[in-house]
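Spelled out, the chains give:
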Amino acid sequence: NAGVTQTPKFRILKIGQSMTLQCTQDMNHNYMYWYRQDPGMGLKLIYYSVGAGITDKGEVPNGYNVSRSTTEDFPLRLELAAPSQTSVYFCASSSEGKEKLFFGSGTQLSVL
Amino acid sequence: GESVGLHLPTLSVQEGDNSIINCAYSNSASDYFIWYKQESGKGPQFIIDIRSNMDKRQGQRVTVLLNKTVKHLSLQIAATQPGDSAVYFCADAGPLSGSARQLTFGSGTQLTVLP
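In this report, we go over the structure that sits alongside the text. From a predicted model like this one, the values you see are computed outputs, not experimental measurements. (Residues numbered from 1 in each chain as written. Chains lettered and ligands numbered in written order. Predicted model: local features only at pLDDT ≥ 70, side-chain atom pairs only at ≥ 80, totals over all residues. Heavy atoms only, no water.)

## Focus: the interface of chain A and chain B
Then, number 1: Contacts between chain A and chain B engage 23 residues on the former and 22 residues on the latter.
Then, number 2: Taken over both partners, the interface formed by chain A and chain B buries close to 1,700 Å², and the fraction arising from carbon and sulfur atoms is 57%.
Then, number 3: Of all residues in chain A, the largest losses of buried area upon contact with chain B belong to A:Leu43, A:Glu99 and A:Phe103, amounting jointly to 32% of the total for that side.
Then, number 4: Between chain A and chain B we count 0 salt bridges in total.
Then, number 5: Run the count over chain A and chain B and you get 3 residue pairs in polar contact (both at pLDDT 80 or more). (Contact = heavy atoms within 4.5 Å. Buried area = accessible area lost by both parts, 1.4 Å probe. Salt bridge = Lys/Arg side-chain N within 4 Å of Asp/Glu carboxyl O. Polar contact = N/O pair within 3.5 Å; in protein donor to acceptor, adjacent residues only side chain to side chain.)

And the structure:
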């Protein structure tokens, strides 16, 4: 049972480039989330999804897009990378009726 | 806006001693809190949670205390071990939709266990 898997683990982007951070979970969880963690800080919610086909904005959605075509996958898209998006990105999931979130191991992104 | 904060950014304890990590929150309507442990290069790992209708909850070697009067939580780790070295976050788990929760994290306390 792999849990929540994120790829890639590390990435360096140039300003203006785009990329997709991948997240997949094998626990059949309804809810999935994307958080970012800046150095020395707690996590902030970017986007979340309560099921396939349903997504909603979190606290810091600007500059990001998401999609949820399947229960398992919840990719995060950066269209025009900016230095302010340098951060560690965590994907998480939780199941219906249970509030405990399971986190992936993160993607460290640098935009230079 | 609402916030969650930890009292000390770092804490060093001797192996075998008890550790106490403190956290304050500002939203008096908060009803659910979670403590997470984050080791270097890894995602946050659930430790223990507590609802606002409780003032204490115990797990394996961990206890969380909630004081709603002063909006304060603490995480107590008994007989601290080297494997407990990590950053500890308290999170205010606010409602999103259904049972989905938005976690508002504090800035974390780095716990270092000394041999």
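## Regarding the environment of B:Asn27
All names here are of chain B.
Then, number 1: Tracing the backbone through its elements, the reader meets Asn-27 in the loop between strand E3 (19-25) and strand E4 (32-38).
Then, number 2: Its relative accessible area of 22% is what places Asn-27 among the partly exposed residues.
Then, number 3: Measuring from C-alpha to C-alpha, the distance between Asn-27 and Gly-94 comes to 9.9 Å, with 67 residues separating the pair along the chain.
Then, number 4: A distance of 2.9 Å separates a polar atom in the side chain of Asn-27 from the backbone nitrogen of Ala-29. (Helix = DSSP H or I, 4+ residues; strand = E, 2+ residues; numbered from the N terminus. Buried < 20%, exposed > 50% of the residue type's maximum accessible area, 1.4 Å probe, protein only.)

## Focus: the nonpolar core
All names here are of chain B.
Then, number 1: Within the largest apolar cluster, 21 residues are counted, with the highest numbers of intra-cluster contacts made by Trp-35, Leu-73, Leu-75, Tyr-88 and Leu-111.
Then, number 2: Mapped by element, the contributors of at least two residues to this core are strand E2 (10-14), E3, E4, strand E5 (45-51), strand E7 (62-67), strand E8 (72-77), strand E9 (86-95) and strand E11 (109-114).
Then, number 3: Setting aside anything within four residues of it in sequence, one finds Leu-75 in contact with Ser-19, Ile-20, Ile-21, Trp-35, Ile-47, Ile-48, Val-62, Thr-63 and Tyr-88. (Core = buried A, V, L, I, M, F, W, Y, C linked by side-chain atoms within 4.5 Å.)

## Notes on the sheet that holds strand E1 (residues 4-7) of chain A
Residues and elements named next belong to chain A.
Then, number 1: Judged by pairing direction, the sheet is antiparallel, and its 4 strands sit side by side in the order E1-E3-E8-E7 without closing on themselves. With partners counted over all chains shown, the strands left at the sheet margins are E1 and strand E7 (64-66), one partner each. Between one strand and the next, the sheet's axes are offset by a mean angle of 20°, whatever the strand orientation.
Then, number 2: Relative to strand E8 (residues 76-78), E7 runs antiparallel, the two sharing 3 bridges. Considered in E8, the bridge of Val-66 is made with Leu-76. (Pairing = 2+ DSSP bridges. Axes fitted to C-alpha atoms, helices over the stretch in contact; angles between N-to-C directions.)

## Regarding the pairing of E8(B)
Residue and element names in this part refer to chain B.
Then, number 1: Where E3 lies against E8, 6 bridges are found, and the strand directions are antiparallel. The residue bridging Ala-24 from the neighbouring strand is His-72, located in E8.
Then, number 2: Pairing analysis gives 6 bridges linking E7 to E8, with the strands arranged antiparallel. When the bridges of E8 are listed, Val-62 appears paired with Ile-77.
Then, number 3: Counted between consecutive antiparallel strands, the loop separating E7 from E8 contains 4 residues, among which Lys-71 sits at a positive phi close to 55°.

## Topic: the pairing of E1(A)
Residue and element names in this part refer to chain A.
Then, number 1: What you see with E1 is a clean split: Val-4 and Gln-6 sit on the buried side and Thr-5 and Thr-7 on the side with no burial.
Then, number 2: As paired elements, E1 and strand E3 (residues 19-25) share 4 bridges and run antiparallel to each other. Paired with Val-4 across the bridge in E3 is Gln-25.

## As for the environment of A:Val66
Then, number 1: Counting through the fold element by element, A:Val66 comes out in strand E7.
Then, number 2: Dropping the residues within four chain positions of it, A:Val66 is found in contact with A:Trp34, A:Tyr47, A:Thr55, A:Phe74, A:Pro75 and A:Leu76.

## Concerning the pattern of salt bridges
Residues and elements named next belong to chain A.
Then, number 1: Applying the stated criterion to the full structure yields 5 salt bridges over all chains.
Then, number 2: A salt bridge links Asp-38 to Arg-36, with the nearest nitrogen and oxygen atoms 2.8 Å apart.
Then, number 3: We classify Arg-36 as buried; its relative accessible area is 12%.
Then, number 4: Ionic pairing is found between Arg-77 and Glu-79, a salt bridge with its closest N-O pair at 3.2 Å.

## Let's talk about the packing of aromatic side chains
Each aromatic ring pair is summarised here by two numbers: the centre-to-centre distance and the angle between the ring planes.
Then, number 1: This structure, assessed with the given rule, holds 10 aromatic pairs over all chains.
Then, number 2: Here the aromatic rings of B:Tyr25 and B:Phe33 are separated by 4.5 Å at their centres, their planes lie at 45°, and the arrangement is tilted.
Then, number 3: For B:Phe33, a relative accessible area of 3% puts it in the buried group.
Then, number 4: Geometrically, the ring pair formed by B:Phe89 and B:Phe105 is edge-to-face, given 5.7 Å between the ring centres and 85° between the ring planes. Of this pair, B:Phe89 sits in strand E9 while B:Phe105 sits in strand E10 (residues 101-105); the two residues are 16 residues apart in sequence, bridging distant segments of the chain. Here B:Phe89 matches B:Phe105 in class, with each residue buried.
Then, number 5: The ring of A:Phe74 has A:Arg68 lying over it, and the distance from NZ or CZ to the ring centre is 6.0 Å.
Then, number 6: Over the face of the ring belonging to B:Tyr32 we find B:Arg51, whose NZ or CZ atom lies 4.4 Å from the ring centre. (Phe/Tyr/Trp six-rings, centres within 6.5 Å; stacked < 30°, edge-to-face > 60°. Lys NZ or Arg CZ within 6 Å of the ring centre and 35° of its normal.)

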